[in-house]
Amino acid sequence: GGGGGGGGGGALRPLYMDVQATTPLDPRVLDRMLPYLTAYYGNPHSRTHAYGWESEAAMEKARRQVADLIGADSREIIFTSGATESNNMAIKGVARFYKSRKKHIITTQTEHKCVLDSCRSLETEGFRVTYLPVKKNGLIDLKELEAAFQPDTSLVSVMSVNNEIGVKQPIHDIGEICRAHKVFFHTDAAQAIGKIPMDVNDMKIDLMSISGHKIYGPKGVGAIYVRRRPRVRLEPLQSGGGQERGLRSGTVPTPLAVGLGAACEVAQQEME
């Protein structure tokens, strides 16, 4: 997707058609968010008063809405600042947690930059990374994936839908292969959720990255799905007050979480 045109003061801007790099905020999503930007401003982690309770209830409703879109349990959804943070958490978090036994990761050469950069940074920590090439049609070769597994592979990360060429990887097949090898499977689904049906159990996905502003939700919010059974363990990137199961400390921004949840609900209803 290209950048937007400039110009204030009602200047005409070129028409921005593809809504792939980002999307406008759905007015229905904004309507859901507004009360939490003004009247209901409690900290969702405050347990001793009504201001906190109403924010917490809104946050947990949003968590369910995100979970429902991908067939997950709401306890498996953690709010983040967007898919970049989710990708960093998934890749670095899994690699570092299991590093005493496992030092190898598999990804593709056509991943989003935040996935590739996370892998590069792990290489400086002594991990080995296999970057699978793609065929002329943009898809990975499943035989090459099979051949890439090593005894100490901890994670495979393959995006669901490519952000530049829109190609859909065979996520279901990749999930089956990873489960057979007992290796965790992460997918960057920022460009997939809300556009094509995604089910974490059917596709055997263990970690999934989600972004709000790709699905007519607000910018600056996303989520990571982290499977509970079989349980995936992460080393947190961010330390603090222990919010979000200790995996992502920091006050969850209720208005943004509410917006992400509303966007997921609308996307589920109107996906077709």
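These figures come from a predicted structure and were not determined experimentally.

Novice: In this structure, what is going on with the nonpolar core? I would like to understand it.
Specialist: As a rule of thumb, nonpolar side chains are buried together in soluble globular proteins. Among the nonpolar cores identified, the biggest contains 45 residues, and Val156 and Met208 are the most heavily contacted of them. Mapped by element, the contributors of at least two residues to this core are helix 1 (27-37), helix 2 (50-70), strand 1 (77-80), helix 5 (142-148), helix 6 (171-180), strand 6 (207-211), strand 7 (222-226) and helix 7 (254-270). Take this core: its biggest share by element is six residues, from helix 2. Once residues lying within four places of it in the same chain are set aside, the contact partners of Val156 are Ile106, Leu145, Phe149, Ile174, Cys178, Val183, Phe184, Phe185 and His186. Residues Phe184, Val226, Val232 and Leu234 belong to the second largest nonpolar core, which totals 23 residues.

Novice: For this particular structure, what's the right way to read the packing of helix 2 against helix 7?
Specialist: The description of two helices packed together rests on the angle between their axes and the distance between the axes. One way to put it is that helix 2 packs onto helix 7 with a least axis distance of 8 Å and a crossing angle of 35°. Of the two elements, helix 2 crosses helix 7, and the hand of that crossing is left-handed. Two secondary-structure elements touch here, helix 2 through Ser55, Ala58, Ala62, Gln65, Val66, Asp68 and Leu69 and helix 7 through Thr254, Ala257, Val258, Leu260, Gly261, Ala262, Cys264, Glu265 and Gln268. In terms of residue class, the contact of helix 2 with helix 7 is built from nine nonpolar, five polar and two charged.

Novice: Would you explain the pairing of strand 5 (residues 184-188) in this entry?
Specialist: Here is the key point about a regular strand: its side chains alternate between the two faces of the sheet. Across the five residues of strand 5, five count as buried, placing the element largely inside the fold. Alternating positions in strand 5 separate into two faces, Phe184, His186 and Asp188 on one and Phe185 and Thr187 on the other, with burial throughout. Inspection of the sheet shows strand 4 (residues 153-157) paired to strand 5 by three bridges, in the parallel sense. Counted as the bridge partner of Leu155 is Phe184 from strand 5. Handedness of the crossover joining strand 4 and strand 5 through helix 6 is recorded here as right-handed.

Novice: Explanation requested: helix 6 in the structure shown.
Specialist: What sets the pattern is the α-helix's 3.6 residues per turn: residues three or four places apart point alike. For helix 6, every residue scored as buried is listed here: Ile171, Ile174, Gly175, Ile177 and Cys178. Down the axis of helix 6, the buried side of the element spans an arc of 165°, and every buried residue falls inside it. Buried residues in helix 6 make contact with helix 5, strand 4 and strand 5.

Novice: How should I be thinking about unusual backbone geometry in this particular structure?
Specialist: Backbone phi values are negative for most residues with the exception of glycine, while trans is the configuration of most peptide bonds. Note that the residue after Arg229, namely Pro230, is joined by a cis bond; omega there is -10°. Its identity is not glycine, yet Tyr216 carries a phi of approximately 65°, on the positive side. Of note, the phi angle at Arg245 is positive, near 60°, even though the residue is not glycine. Position of Arg245 among the secondary structure elements: in the loop between strand 7 and helix 7.

Novice: What am I meant to see in the UniProt feature "domain: Aminotransferase class V" (unreviewed entry) in the protein chain here?
Specialist: Using the residue numbers shown here, the UniProt feature "domain: Aminotransferase class V" (unreviewed entry) corresponds to residues 16-268. In this annotation, residues 16-268 is assigned 36% helix and 13% strand; the end-to-end C-alpha distance for the span is 24 Å.

Novice: Explain the packing of helix 3 (residues 83-97) against helix 4 (residues 113-123) here, please?
Specialist: One can describe the packing of helix 3 onto helix 4 by two numbers: an axis separation of 9 Å at closest approach and a directional angle of 30°. Classed by the angle they form, the pair helix 3 and helix 4 counts as roughly parallel. Crossing hand, helix 3 versus helix 4: right-handed. Residues Thr84, Asn87, Asn88, Ile91, Lys92, Ala95 and Arg96 of helix 3 form the contact with helix 4, whose participating residues are Cys114, Val115, Ser118, Cys119, Ser121 and Leu122. By residue class, the composition of the contact of helix 3 with helix 4 is six nonpolar, five polar and two charged.

Calculation criteria
Residues numbered from 1 in each chain as written. Predicted model: local features only at pLDDT ≥ 70, side-chain atom pairs only at ≥ 80, totals over all residues. Heavy atoms only, no water. Core = buried A, V, L, I, M, F, W, Y, C linked by side-chain atoms within 4.5 Å. Buried < 20%, exposed > 50% of the residue type's maximum accessible area, 1.4 Å probe, protein only. Helix = DSSP H or I, 4+ residues; strand = E, 2+ residues; numbered from the N terminus. Contact = heavy atoms within 4.5 Å. Axes fitted to C-alpha atoms, helices over the stretch in contact; angles between N-to-C directions. Left-handed = near helix turned anticlockwise from the far one by under 90°. Nonpolar A, V, L, I, M, F, W, Y, C, P; charged D, E, K, R; others polar. Pairing = 2+ DSSP bridges. Right-handed = clockwise from strand over helix to strand, strands pointing away. Arc of directions from axis to C-beta. UniProt positions renumbered as here; feature names shortened; annotations may be inferred. Parallel < 35°, antiparallel > 145°, perpendicular 65-115°, else oblique.

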